[in-house]
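Now for the letters of each chain:
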Amino acid sequence: MNENIRQVLILQDRDMKFSRLEEELESLDPERQSAKRDSLKRQQIYEEAKQNLVKLEVRRKDLDNDVETKKTQINKYAQQQLETRKNEEYTALGREIDHAKEAISKIEDEELELLEEIDSYKPKIEEAKGIAEEAKAHEVATLADFDEREKNIEKELEVLEDERASLIEKLDSKLVRHYERLLETKSGKVVVGVDHGNCSGCHMKLQAQTLVDAKSGRDMVTCTNCGRLLYYTREMIMPDELAD
Ligand SMILES: [Zn+2]
């Protein structure tokens, strides 16, 4: 193979690696943010669960207070019953006492249900806590891992930049200019092989002269259709009529 083309192929390989690493570097930040968001969300779920339990316990305390109030009322009515001499008033107070007792019974039923709810809620909080802790640990590990990856990628990019500079130094400047112009306008590879007599960049059939030039290892053989730099290697299969 033409030595210049061989060098340009190495350059292309390094440039593609450079682009891949740059893309990877750019992808790190969104991934970082996503790990942070996930951890924050789990933490919020845990905090909400804790707050809900506090609310349930406040409600329970309120019910306790209600029971106490009713009991005080009952005592007051009972005292009034002792003090009255009127039968009618005595009976009325008795009814009040019965009402208050009924109310207490209802409150106590509600309290029992609430206690069950509180009991079943506690394992959920423990679960949410576990999930939040796991997410936090994952976040910390991910961030550390990404920092490490970022450092490594930056180091690799530096190495590639140095390699690129020394490759370009050795290469024909006209060839480099052509290569760089192609990089700006074409996607994917710009130094491409001959494949079955076609350009493997644009897949158009190459002219017989172009094939001969490529095969002879001449400098700067380009596809007349897309302008990509062409190279030919022995392993490439040529159509029979074009093989010499
Ligand atoms: Zn082409």
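Residues numbered from 1 in each chain as written. Predicted model: local features only at pLDDT ≥ 70, side-chain atom pairs only at ≥ 80, totals over all residues. Heavy atoms only, no water.

So, the overall build of the protein
Thought 1: On a plain count of helices and strands, the protein comes out with four helices and three strands.
Thought 2: What you see in the protein, going N to C, is helices and strands ordered as α-α-α-β-β-α-β.
Thought 3: In terms of C-alpha radius of gyration, the protein reaches 42 Å, well past the compact-globule figure of 18 Å for 244 residues.
Thought 4: Projected onto its principal axes, the C-alpha coordinates of the protein cover approximately 135 × 40 × 25 Å.
Thought 5: The buried share of the protein, reckoned over its 244 residues, is 32%.
Thought 6: Pairs at least 24 apart in sequence give 74% of the contacts found in the protein among residues at least 6 apart. (Helix = DSSP H or I, 4+ residues; strand = E, 2+ residues; numbered from the N terminus. Rg over C-alpha atoms; globule rule 2.2 N^0.38 Å. Buried < 20%, exposed > 50% of the residue type's maximum accessible area, 1.4 Å probe, protein only. Contact = heavy atoms within 4.5 Å.)

What about the sheet that holds strand 3 (residues 229-231)?
By way of backbone hydrogen bonds, the strands of a sheet pair with one another, either parallel or antiparallel.
Thought 1: Read across the sheet, three strands follow the order 2-1-3 without closing on themselves; strand pairing throughout is mixed. Looking along the sheet, the strands with just one partner apiece sit at the ends: strand 2 (198-199) and strand 3. (Pairing = 2+ DSSP bridges.)

Observations regarding the coordination of the zinc ion
Thought 1: For the zinc ion, the full set of protein donor atoms is C199 (SG), C202 (SG), C223 (SG) and C226 (SG), and the range of their distances to it is 2.2 to 2.3 Å.
Thought 2: Each of the four donor atoms around the zinc ion contributes to a set of angles spanning 104 to 114 degrees, which defines the coordination as tetrahedral. (Donors = N, O, S within 2.8 Å, 3.2 Å for Na, K, Ca; no water. Tetrahedral: all angles 85-135°; square planar, octahedral: opposite > 155°, others 65-115°.)

Here we look at a negative patch on the surface
Thought 1: Together, E22, E23, E26, E154, E158, E161 and D162 make up a negatively charged patch on the protein surface.
Thought 2: Those elements that provide at least two residues to the negative patch are helix 1 (3-83) and helix 2 (87-170).
Thought 3: Positionally, E158 belongs in helix 2. (Patch = residues over 30% accessible without salt bridge, like charges linked within 9 Å, V, L, I, M, F, W, Y side chains within 5 Å. Areas by Shrake-Rupley, 256 points an atom, 1.4 Å probe, with all protein chains shown as cover. Salt bridge = Lys/Arg side-chain N within 4 Å of Asp/Glu carboxyl O. Lys, Arg positive; Asp, Glu negative; His and termini not counted. Charge placed at Lys NZ, Arg CZ, Asp CG, Glu CD.)

Focus on the domain arrangement of the protein
Thought 1: One can read the domain layout of the protein as domain 1 (17-170) and domain 2 (173-242).
Thought 2: Centre-to-centre separation of domain 1 and domain 2, based on C-alpha positions: 65 Å. (Domains from an automatic or database assignment.)

Description of the pairing of strand 1 (residues 191-195)
Thought 1: Strand 1 sits mainly inside the fold: four of its five residues count as buried.
Thought 2: Inspection of the sheet shows strand 1 paired to strand 3 by three bridges, in the parallel sense. Residue G193 lies in a different strand from strand 3, and its bridge partner there is Y231.
Thought 3: Relative to strand 2, strand 1 runs antiparallel, the two sharing two bridges. Paired with V194 across the bridge in strand 2 is C199.
Thought 4: The antiparallel hairpin formed by strand 1 and strand 2 contains two residues in its connecting segment, where H196 sits at a positive phi of about 50 degrees.

A closer look at unusual backbone geometry
Thought 1: One non-glycine residue, H196, lies in positive phi territory at about 50 degrees.
Thought 2: As for its placement among the helices and strands, H196 is situated in the loop between strand 1 and strand 2.

Digging into the packing of helix 1 against helix 2
Thought 1: Orientation of helix 1 relative to helix 2, taken along the N-to-C sense of each, is 165 degrees, at an axis distance of 5 Å. Classed by the angle they form, the pair helix 1 and helix 2 counts as roughly antiparallel. Viewed along their axes, helix 1 and helix 2 form a crossing whose handedness is left-handed.
Thought 2: A breakdown of the residues in the contact of helix 1 with helix 2 according to their chemical character gives 39 nonpolar, eight polar and 36 charged. (Axes fitted to C-alpha atoms, helices over the stretch in contact; angles between N-to-C directions. Parallel < 35°, antiparallel > 145°, perpendicular 65-115°, else oblique. Left-handed = near helix turned anticlockwise from the far one by under 90°. Nonpolar A, V, L, I, M, F, W, Y, C, P; charged D, E, K, R; others polar.)

So, the confidence of the model for the protein
Thought 1: Across the protein, pLDDT averages 93, with 96% of residues at or above 70.
Thought 2: Mean pLDDT across the elements of the protein bottoms out in helix 4 (residues 208-216) (91) and peaks in helix 2 (96). (pLDDT = per-residue confidence, 0-100.)

Quick word on the environment of L40
Thought 1: Assignment of secondary structure puts L40 in helix 1.
Thought 2: On the basis of relative accessibility, which here comes to 52%, the residue L40 falls in the exposed class.
Thought 3: When the C-alpha atoms of L40 and R14 are compared, they prove to be 40 Å apart, with 26 residues separating the residues in sequence.

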